[in-house]
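What follows is the residue order along each chain.
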Amino acid sequence: MSHLLKKPQHVVKSEGVTIVHDITGEQNNLEYVGFKVVDLEKGSFYGEQLNGLECCIVVLTGRVDVKEGEEIFENLGTRDNVFEQKPTDSVYVSNDRIYEVKAVTDARVALCYSPSSEQLPTKLIKADSIDVEHRGKYNNKRKVHNILPDSDPSANSLLVVEVYTESGNWSSYPPHKHDQDNLPEESFLEETYYHEMDPQQGFVFQRVYTDDRSLDETMTAENGDVVIVPKGYHPVGVPDGYTSYYLNVMAGPVRKWKFNNDEDHEWIVNRD
Ligand SMILES: O=C[C@H](O)[C@@H](O)[C@H](O)CC(=O)O
């Protein structure tokens, strides 16, 4: 199995709290991006101190309260299943703060981390404030919820989006990369993909590859899997009959999403 593919681990942390994915610290081969998925049973709590990291708490499913200092954001979340395709609520929490999530219902949250040293205000990113973007044509149509895009100055290094790709379509396509710290030509952003499938037994094909093919991994990502993108192009293909969801976390030395398409496939974009 590719070293870039991470299967759900489901580690019980405490009563009612299960760590589905923990891609942080030693087990993380990324320098900028960290990622966790946590399942919370109704009434349970999960919290942490953010030393030198900022975090975007994305309420994937269910309802939660989020507390940071004197701030309490209650009954966050808009959906019981990501495939309701409604934007959801998120909370941005900056470095050196302590937050706590309480599950109002059974819930699944994504914790998206990146380095931060200039403490910024805690911010509720309401579902109804999310920019919904329709990209692509022919068979590369996809819908993007821009949760923390680089146009939003609320974070220091973190970028978070979620993407829906319908049956028979491709996304992150034509293949593009953002692995050069060379602005204004290209930015260097590591990336993670948290995948879900509808129906659940579905899968997508994801390739992660570089121009010189020194990295060239093609993976089958199933429901709940995470794919790590340290560098290179990273297209996703969705088989007929299934809908793909993924949550992207990106971060690097500069908080700018400036990518370049694989020249071999640039023609895809230029069709009428
Ligand atoms: O670089 C960003 C990620 O590859 C996805 O967020 C991608 O841009 C989504 C898409 O436009 O298909």
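Here, the structure is the one placed above.
Overview of the structure. (Residues numbered from 1 in each chain as written. Predicted model: local features only at pLDDT ≥ 70, side-chain atom pairs only at ≥ 80, totals over all residues. Heavy atoms only, no water.)

### What to know about the environment of tyrosine 32
Considering the arrangement of structural elements, one finds tyrosine 32 in the loop between β3 (17-23) and β4 (34-40). Taking the relative accessible area as the measure of exposure, tyrosine 32 reaches 17% and is therefore buried. Considered as a pair, tyrosine 32 and glycine 252 are 220 residues apart in the sequence and their alpha carbons are 5.6 Å apart. With sequence-adjacent residues up to four places away left out, tyrosine 32 is seen in contact with Tyr113, Ser114, Pro115, Phe188, Glu190, Ala251, Gly252 and Pro253. (Helix = DSSP H or I, 4+ residues; strand = E, 2+ residues; numbered from the N terminus. Buried < 20%, exposed > 50% of the residue type's maximum accessible area, 1.4 Å probe, protein only. Contact = heavy atoms within 4.5 Å.)

### Regarding a negative patch on the surface
Taken together, the side chains of Asp211, Asp212, Glu263 and Asp264 make up a negatively charged region of the molecular surface. As for its position among the elements, aspartate 212 is in the loop between β21 (203-209) and β22 (216-222). (Patch = residues over 30% accessible without salt bridge, like charges linked within 9 Å, V, L, I, M, F, W, Y side chains within 5 Å. Areas by Shrake-Rupley, 256 points an atom, 1.4 Å probe, with all protein chains shown as cover. Salt bridge = Lys/Arg side-chain N within 4 Å of Asp/Glu carboxyl O. Lys, Arg positive; Asp, Glu negative; His and termini not counted. Charge placed at Lys NZ, Arg CZ, Asp CG, Glu CD.)

### Structural notes on the nonpolar core
Ranked by internal contacts, the top residues of the largest apolar core, which has 50 residues, are Phe35, Cys56, Val58, Cys112, Val160 and Leu247. Residue contributions to this core peak at 5 residues, all from strand β25 (residues 243-251). Ignoring any residue separated from it by four or fewer positions in sequence, one finds cysteine 56 in contact with Ser90, Val91, Tyr92, Ala110, Leu111, Cys112, Ile125, Ile147, Leu148, Leu158 and Val160. Residues Leu40, Leu50, Val59 and Phe73 belong to the second largest nonpolar core, which totals 22 residues. (Core = buried A, V, L, I, M, F, W, Y, C linked by side-chain atoms within 4.5 Å.)

### A word on the sheet that holds β22
With antiparallel pairing, the 4 strands of this open sheet are ordered in space as β16-β24-β21-β22. The open sheet terminates on both sides in strands that have one partner only, identified here as β16 (170-171) and β22. The pairing of β21 with β22 spans 7 bridges and is antiparallel. What sits directly across from valine 204, in β22, is alanine 221. (Pairing = 2+ DSSP bridges.)

### Details of the site of the ligand
The environment of the ligand is made up of 15 residues, and the closest members are Arg135, Arg142, Ser172, Tyr193 and Asn248. Residue tyrosine 193 places a side-chain N or O atom 2.8 Å away from an oxygen atom belonging to the ligand. Relative to its unbound accessible surface of 320 Å², the ligand loses 98% to contact with the protein. Listed by contribution, the elements that provide at least two residues to the shell around the ligand are β15 (159-165), β20 (190-198) and β25. No other element matches β25, which puts 3 residues into the shell around the ligand. In the shell around the ligand, the residues fall into 6 nonpolar, 6 polar and 3 charged. (Near = heavy atom within 4 Å. Polar contact = N/O pair within 3.5 Å; in protein donor to acceptor, adjacent residues only side chain to side chain. Nonpolar A, V, L, I, M, F, W, Y, C, P; charged D, E, K, R; others polar.)

### Considering the pairing of β20
In terms of burial, β20 is a largely internal element, 8 of the 9 residues being buried. In terms of strand pairing, β20 meets β25 through 9 bridges, oriented antiparallel. The residue bridging threonine 192 from the neighbouring strand is valine 249, located in β25. With 4 bridges connecting them, β20 and strand β23 (residues 226-229) associate as antiparallel partners.

### What to know about the side chain of arginine 142
Within the secondary structure layout, arginine 142 lies in strand β14 (residues 142-148). One buried charge, arginine 142, has no salt-bridge partner; the nearest side chain with opposite charge is glutamate 133, at 7.7 Å. Ignoring anything within four residues of it in the chain, the contact list for arginine 142 reads Glu133, His134, Arg135, Gly136, Val163, Tyr164, Thr165, Trp170, Ser171, Ser172 and Tyr173.

### Considerations on the pattern of salt bridges
Applying the stated criterion across every chain, the model contains 15 salt bridges. Linking lysine 36 and glutamate 48 is a salt bridge whose minimum nitrogen-to-oxygen distance equals 3.3 Å. With a gap of 12 residues between them, lysine 36 in strand β4 and glutamate 48 in strand β5 (residues 45-49) connect regions that are remote in the sequence. The two residues lysine 36 and glutamate 48 agree in class, both being buried.

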